[in-house]
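An overview of the molecular structure
Next come the chains, spelled out residue by residue.
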Amino acid sequence: MKTRLTAVGLIMILGCMIGKYNTDGQNSSCTEQFFAMDTFMSLTAYGRSCKEAVREAKEEVQRLDVLLSTGNDSSEVARMNETGRGNVSEDTLTILRKAQEIFEETDGAFDFTIYPLM
């Protein structure tokens, strides 16, 4: 069975990355907007290290986009969708497992294989 993967778990990953930076009572914020994973994104972090947090989060989104993009024929997901099998990185495998877990917890309401119908 072929499965098509969307960017499952991205919000959790970014939240963990941005959350590791201590605000130390600072009120500064940094925002960067960009296009990745077929969507417009806006990342905002607060505190003394906000620029570093946003930069690292954006880099992580772009790294995952290379692995997961269905629009990039050389991505792990695109190759898996084409052949129905293949070796994937630990990151892709973790996201696939989490997507399956959420699918089961929601009794199928969250279906990461729906991408072709969208």
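Residues numbered from 1 in each chain as written. Predicted model: local features only at pLDDT ≥ 70, side-chain atom pairs only at ≥ 80, totals over all residues. Heavy atoms only, no water.

A few points about the pattern of salt bridges
- With the rule as written, the count across this model stands at six salt bridges.
- The residue K58 makes a salt bridge to E32 at a minimum N-O spacing of 2.6 Å. Of the two residues, K58 is situated in helix α2 (residues 50–68) and E32 in strand β1 (residues 29–36); the sequence distance between them amounts to 26 residues.
- Between E56 and R55 there is a salt bridge, with its nearest N and O atoms 4.0 Å apart.
- If you follow the salt bridges from partner to partner, you end up with R55, E56 and E59 in one network. (Salt bridge = Lys/Arg side-chain N within 4 Å of Asp/Glu carboxyl O. Helix = DSSP H or I, 4+ residues; strand = E, 2+ residues; numbered from the N terminus.)

Looking at the side chain of K58
- K58 gets classed as buried once you look at its relative accessible area, which sits at 18%.
- Dropping the residues within four chain positions of it, K58 is found in contact with E32, F34 and L43. (Buried < 20%, exposed > 50% of the residue type's maximum accessible area, 1.4 Å probe, protein only. Contact = heavy atoms within 4.5 Å.)

Some words on the nonpolar core
- With 17 residues, the main nonpolar core has F34, M37, M41, V61, L64 and L68 as its most contacted residues.
- Going through the elements one at a time, β1, β2 (39–46) and α2 are the ones with two or more residues in this core.
- If you tally residues by element for this core, the top one is α2, at eight residues.
- Setting aside residues no more than four positions away along its own chain, F34 makes contact with T39, F40, M41, L43, K58 and V61. (Core = buried A, V, L, I, M, F, W, Y, C linked by side-chain atoms within 4.5 Å.)

Some points on the confidence of the model for the protein
- Per-residue pLDDT for the protein averages 82, and the proportion of residues at 70 or more is 75%.
- Averaged pLDDT values for the elements of the protein fall to 55 in helix α1 (residues 10–19) and rise to 96 in β1.
- Scored below 50 in pLDDT, residues 1–8 makes 28 contacts in the model with residues more than four places away or belonging to other chains. (pLDDT = per-residue confidence, 0-100.)

Points about helix α4 (residues 90–105)
- The terminal C-alpha atoms of α4, which comprises 16 residues, lie 22 Å apart, in line with the 22 Å expected from a rise of 1.5 Å per residue.
- Among all positions of α4, only T92, I95, L96 and A99 are buried. Seen end-on, α4 carries its buried residues on one side only, within an arc spanning 100°. Across α4 from its buried face, at more than 90 degrees, point the exposed residues E90, R97, E104 and E105.
- Of the residues one or two after α4, D107 is the one with positive phi, at around 50°. (Expected span 1.5 Å × (residues − 1). Arc of directions from axis to C-beta.)

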